[in-house]
Amino acid sequence: TGIGWRAFYNCTSLTNITIPDSVISIGSGAFSKCINLTSITIPDGVTSIGRGAFYSCTNLTNIIIPDSVTIIDRGAFLGSESLKTITIPDKIKSIADDTFSNCRSLTSITIPESVTSIGKFAFSDCTNLTSITIPDSVTSIGRGAFTRCTNLTSITIPNSVTSIGFGVIYACNSLTAVTFLGHAPEVENAIFMNATPTIYRKPEAKGWGETFGGRPVKLISEK
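The rules behind the values
Residue positions within a chain follow its written sequence, with the count starting from 1. In keeping with the predicted nature of the model, local features appear solely for residues at pLDDT of at least 70, side-chain atom pairs appear and are counted solely at 80 or more, and the whole-chain, interface and lining totals rest on all residues. Excluded from the side-chain calculation are hydrogens and water; included are all heavy atoms of the structure. The working definition used for a salt bridge is a side-chain nitrogen of Lys or Arg within 4 Å of a carboxyl oxygen of Asp or Glu. What counts as a helix is a DSSP run of H or I of at least four residues, what counts as a strand is a run of E of at least two, and both are numbered from the N terminus. Each residue is assigned to one of three classes by its accessible area relative to the maximum for its type, calculated with a 1.4 Å probe on protein chains only: buried under 20%, partly exposed between the two thresholds, exposed over 50%.

Chemist: How should I be thinking about the pattern of salt bridges in this particular structure?
Modeler: Any two side chains of opposite charge can pair, given that their charged atoms come close. Summed over all chains, the structure comprises two salt bridges. With its nearest N and O atoms 3.2 Å apart, the salt bridge here joins Asp-98 to Arg-74. Here Asp-98, found in the loop between strand E8 (94–95) and strand E9 (108–110), pairs with Arg-74, found in the loop between strand E6 (71–72) and strand E7 (85–87); they are 24 residues apart in sequence, far enough to count as distant. For Asp-98, a relative accessible area of 15% translates into the label buried. We note a salt bridge from Asp-125 to Arg-148, for which the minimum N-O separation is 2.7 Å. Of the two residues, Asp-125 sits in the loop between strand E10 (117–118) and strand E11 (131–133) while Arg-148 sits in the loop between strand E12 (140–141) and strand E13 (154–157), which places them 23 residues apart along the sequence. The class for Arg-148 is partly exposed, based on a relative accessible area of 35%.

Next up, the structure:
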């Protein structure tokens, strides 16, 4: 019913594996550093993917996560730099710290409306990520969540977001526009360090000045 802690850790010649339908949990580091694993299907019935379960699976290009999964722990796909697309199941409530950090081939990702928080460095160093949709359910975005996403050109922050951590968009040097759909959120320092976007807001939103995080603020109608 479970694949334990580091069960296949560093099995560098492993190219494929079939997980039986009886499995309900994949433990921490279960497939960590399986550098020749290219694809895997997680069966329906699995409810949790442990911390660093697919850490540094550098040739993993495809993974199917069933809707039964409710927990994807910290760093589950950290360093899986060949992973191109992924769909987060509808039952996930938070994207944990470092979950997709350094997934350099990831071009797009869909976040379901069940998610209420995006953890620290969740998408950092996703250098090919060009767009991301954040649903209205998200209320907080953690420190460095999009750090060094160098091909991200624009992002929209829904009106549900009330807090944004330090350096969320640090070194996103292709970013030209950040659109906020609600009132000015609470932010930590250096939110736009080494990034030069224009900030756009709704005319009726409160708490905005002429600048935000050191960047100029304009109305959405001026975009």
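Chemist: Which parts of the structure should I look at to understand unusual backbone geometry?
Modeler: In most cases, non-glycine residues show a negative phi, while peptide bonds are predominantly trans. For Arg-6, which is not glycine, the phi torsion reads 55° and is therefore positive. Mapped onto the elements of the fold, Arg-6 is located in the loop between strand E1 (2–3) and strand E2 (25–26). Classification of Arg-6 as partly exposed rests on a relative accessible area of 41%. Despite not being glycine, Lys-33 shows a phi value in the positive range, around 65°. Tracing the backbone shows Lys-33 in the loop between E2 and strand E3 (39–41).

Treat this as a map of the structure, not an account of what it does.
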